[in-house]
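Report on the structure
Spelled out, the chains give:
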Amino acid sequence: MARVVIAGAGYGGVMAGKRLERAERAFTMVNKHSYHQFITWLHEAAGGRHTVDDYKIEIREIFRRPSSIVVKDEIIGMDREAREVKGRQNSYPYDYAIIALGSAPEFFGIPGLAEHSLQLRSVETARQIRSHIERQFATYKADGDQSRLRIVIGGAGLTGIEFAGELIEWLPNLCKHSGIDPELSEVQNLEAAPVILPALSENLQSKARSVLENKGVRIRTGTKIVKVEKHRVHLESGEVIASRTIVWTGGVRANPLLSLAGFTCDGRGRAKVNEFLQSIDDERVFVIGDCAAFVSARKPLPPTAQLAAQMGEMAGVNVLAAIHDQPLQTFHPRILGTLASLGRDVGVGVVAGMPTSGTVAAIAKELTKVKYLIQLGGLRMVSRNKRPLAREQH
Ligand code: NAD
């Protein structure tokens with residue numbers, strides 16, 4: 001029987017596995033952790049909403065068929081000649097592989113940035129950011145160092161903006177608990193470009209900006225970070241900002257394993273794929289999600305969860321087709337919408353081509369969570385993961 005290995009249990013890998021399970025096709029899924037992470041909701045976890053562990057689920061709860069093998073191992077390479085995915089503990093031979101290993105932060109060579117910033121990319125980094133901020137606020141009383149209460153977010157794309165929206169609602173509570181005047185805390189969101197949220201229209205960008213500014217976020221566009229030192233952010237203008245919490249949300253690139261494994265990659269390290277999502281170097285390997293450079297309308301698709309999930313489904317379909325010697329299907333991406341939360345009750349974005357904002361956008365964003373949980377495992381999964389859907393703070 002053809003051996004199928006899925007490398008990575010993010011949005012793409014999990015949807016590929018669901019498709020294979022529906023066809024009763026055995027596979028081996030290899031992932032660094034035993035759990036799947038709700039990466040697109042992590043700003044909530046880092047920003048004080050609910051407990052951090054509410055933002056993950058054991059992969060075994062998603063795949064319940066005995067023929068679906070789930071292995072916890074860190075993938076460190078690939079031998080395409082031998083057709084093996086290589087893990088730290090074992091090697092996983094395949095006839096077909098689906099590579100869904102996600103992304104890594106893009107630091108653009110900015111000196112000191114990788115060493116002195118925190119990044120929001122996993123449940124563990126969300127936990128680290130949250131406890132770091134709690135620690136800074138708790139320590140402020142002892143030394144009165146104002147830089148402990150100033151949080152700098154580098155980049156005002158969707159990640160930076162959603163995180164700023166969460167923080168600005170959480171900090172007053174944190175101040176209250178720590179006996180600090182809330183007026184002393186500060187969130188600065190620094191953005192090199194002249195606008196925030198480049199994926200949205202000008203009108204939605206300015207709506208988002210005024211919502212966040214009214215809540216107290218200091219948004220500074222045209223403000224490029226050029227160097228970071230311990231507790232100091234250097235701007236292109238020469239200004240230096242003192243902050244003990246620097247969170248970098250300035251962009252992502254593909255998992256470096258793609259280029260290390262010798263795939264032909266684009267400038268962001270994504271492996272080039274054809275219309276069927278096969279690597280252009282190897283028809284036995286399907287590459288999906290943030291790892292794939294799939295060109296649509298002459299541009300590579302952005303690295304989003306909804307596209308990763310769609311690619312995962314299609315990679316599953318095409319692996320099944322290849323196994324059964326059937327023609328492969330062309331991947332047609334569908335961008336169903338883009339939504340950014342601006343805290344718990346307000347959002348902004350586009351749904352089915354229609355601009356939306358305010359509470360309606362926030363509700364639409366919450367509904368995308370329910371939809372995803374249903375895709376993962378129906379109502380059972382919704383009921384198992386009620387906590388991140390709850391309105392009230394933990
Ligand atoms: P991004 O690339 O979309 O935004 C990064 C921002 O950082 C850009 O606006 C960029 O101009 C800015 N920046 C870069 N270098 C800078 C510097 N030196 N100084 C100051 N600013 C700088 O990155 P992201 O927000 O992490 O998003 C990554 C991908 O994930 C995107 O495709 C995004 O659409 C997707 N995403 C989607 C959602 C959602 O749908 N709600 C949420 C999060 C992320």
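Located above this text is the structure these notes cover.
Okay, so let's go over this structure.

Cut-offs used in this document
- Throughout, residues of each chain are indexed from 1 in the direction in which the sequence is written.
- Per-residue local features are limited, in this predicted model, to residues with pLDDT of at least 70; the limit for side-chain atom pairs, both in listing and counting, is 80 or more; totals at the level of whole chains, interfaces and linings are taken over all residues.
- To obtain the side-chain values, all non-hydrogen atoms of the structure were included, while hydrogens and water were left out.
- Whether a residue is near a molecule or strand depends on its heavy atoms: it is near if one of them lies within 4 Å of it.
- Between N or O atoms, a polar contact is any pair within 3.5 Å; within protein, one atom must be a potential hydrogen donor and the other a potential acceptor, and residues adjacent in sequence are included only when both atoms are from side chains.
- Accessibility throughout is a Shrake-Rupley quantity obtained with a 1.4 Å probe, and a residue counts as covered only by protein chains that appear here.
- Runs of H or I in DSSP of at least four residues are treated as helices and runs of E of at least two as strands, each being numbered from the N terminus.
- Charged means Asp, Glu, Lys or Arg here, nonpolar means Ala, Val, Leu, Ile, Met, Phe, Trp, Tyr, Cys or Pro, and polar covers whatever is left, Gly included.
- For this analysis, a salt bridge means a side-chain nitrogen from Lys or Arg found within 4 Å of a carboxyl oxygen belonging to Asp or Glu.
- Buried, partly exposed and exposed residues are distinguished by accessible area as a fraction of the type maximum, computed with a 1.4 Å probe on protein chains only: under 20%, between the cut-offs, and over 50%, respectively.
- Working rule for contacts: check all heavy atoms of both residues, and any pair within 4.5 Å makes them a contact.
- Here the rule is simple: two strands pair whenever DSSP picks up at least two bridges between them.
- Working convention: axes come from line fits to C-alpha atoms, limited for helices to the stretch in contact. Angles between N-to-C directions cover 0 to 180 degrees.

1. Here we look at the site of the ligand
Looking at the ligand, there are 24 residues lining it, with T159, E191, A192, I225 and L339 nearest. In this structure, I225 approaches the ligand through a main-chain N or O atom, which is 3.0 Å from a nitrogen atom. Separating a nitrogen atom of the ligand from a backbone N or O atom of L339 is a distance of 2.8 Å. Relative to its free-state accessible area of 850 Å², the ligand is covered by the protein chains to the extent of 80%. It is helix α6 (residues 158–178) that provides the largest number of residues to the shell around the ligand, a total of 3 residues. Within the shell around the ligand, the residues separate by chemical class into 12 nonpolar, 8 polar and 4 charged.

2. Focus: the pattern of salt bridges
Across all of its chains, the model carries 27 salt bridges by this definition. Taking the shortest distance from any N to any O, the salt bridge between R49 and E44 comes out at 3.6 Å. Each member of the pair, R49 as well as E44, carries the same accessibility label: buried. Residues R253 and E106 are paired through a salt bridge, measuring 2.9 Å at the closest nitrogen-oxygen approach. In this pair, R253 sits in strand β19 (residues 252–254) while E106 sits in the loop between β10 (103–105) and α4 (113–116), placing the two residues 147 residues apart along the sequence. For R253, a relative accessible area of 28% gives the class partly exposed. Look at the salt bridges and you will find they share partners, linking E44, R49, E166, E366 and K369 into a network.

3. Details of the side chain of Q205
Examined against the element boundaries, Q205 turns out to sit in helix α7 (residues 202–215). Note on Q205: relative accessible area 10%, which makes it buried. There is a polar contact of 3.2 Å between the side chain of Q205 and the backbone oxygen of I196.

4. Here we look at the environment of A321
The topology assignment puts A321 in helix α9 (residues 305–323). Each residue touching A321, except ones within four places of it in the same chain, is listed here: Q326, P327 and L328.

5. Some remarks on the pairing of strand β27 (residues 347–351)
Across 5 bridges, strand β26 (residues 337–341) lies against β27 in antiparallel orientation. Counted as the bridge partner of A340 is V348 from β27. Where β26 folds back on β27, the antiparallel hairpin that results is connected by 5 residues, among which G343 adopts a positive phi of roughly 100°. Counting the residues in the hairpin turn of β27 and strand β28 (residues 354–357) gives 2 residues, including A352, whose phi is positive at 50°.

6. Observations concerning the sheet that holds strand β6 (residues 75–79)
Here 3 strands make up an open sheet; going across it, the order is β6-β7-β8 and the pairing antiparallel. Only two strands of the sheet have a single neighbouring strand rather than two, namely β6 and β8 (91–93). Strand-to-strand twist of the sheet, defined as the mean angle between neighbouring strand axes without regard to direction, takes the value 20°. As defined by bridge partners, strand β7 (residues 84–87) adjoins β8 across 3 bridges and the pair is classed as antiparallel. From the neighbouring strand, E84 faces β8, where its bridge partner is P93.

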